[in-house]
Amino acid sequence: MAIRYRCRHCETEIGKLPFGSADEARTLLRLGEEEAEEFILEGDDGDATVQCICNDCEQSLDRFPDYYSLQKWLQ
C-alpha cells in the first residue's frame, strides 16, 4: 500500500509514501469526511491517491485566475 500525491490538473505524480491507507492519508492531512471524499481516491490495489496541485499548475492559476472556472484546463 502507498499514499500517492498527484496533481489534479496535469496528473503529475508529486510524491509517494510507501505505506498507508486512505484513513491514514486523511489523518495526515487532517481532512474531514467530506473533504476526504473530494481529495482522496482509493485504488483497487489499496493505494490512496491524494489529489493536490503542483507548483507549475499553481503558478499558472495565479497568472490566469479565470482557469478556476474550468473543470479541465490542460489539454
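Above this text sits the structure in question.
The present account deals with the structure reproduced in this document. Treat the numbers as computed from the prediction; the structure is a model and nothing was measured.

### Some words on the pattern of salt bridges
- Summed over all chains, the structure comprises three salt bridges.
- Glu13 is the salt-bridge partner of Arg4, the closest N and O atoms lying 3.4 Å from each other.
- On the basis of relative accessibility, which here comes to 36%, the residue Glu13 falls in the partly exposed class.
- With a closest N to O distance of 3.2 Å, Arg4 and Asp47 form a salt bridge. Separated by 43 residues along the polypeptide, Arg4 in strand 1 (residues 3-7) and Asp47 in the loop between strand 3 (40-42) and strand 4 (48-52) bring together distant segments of the chain.
- Residue class for Asp47 comes out buried when judged on its relative accessible area of 10%.
- One connected set of salt bridges, linked through shared partners, spans Arg4, Arg6, Glu13 and Asp47.

### Focus: the nonpolar core
- If you look at the biggest cluster of nonpolar residues, it comprises six residues: Ile3, Tyr5, Ala36, Ile40, Ala48 and Val50.
- Mapped by element, the contributors of at least two residues to this core are strand 1 and strand 4.

Rules of the game
Residues numbered from 1 in each chain as written. Predicted model: local features only at pLDDT ≥ 70, side-chain atom pairs only at ≥ 80, totals over all residues. Heavy atoms only, no water. Salt bridge = Lys/Arg side-chain N within 4 Å of Asp/Glu carboxyl O. Buried < 20%, exposed > 50% of the residue type's maximum accessible area, 1.4 Å probe, protein only. Helix = DSSP H or I, 4+ residues; strand = E, 2+ residues; numbered from the N terminus. Core = buried A, V, L, I, M, F, W, Y, C linked by side-chain atoms within 4.5 Å.

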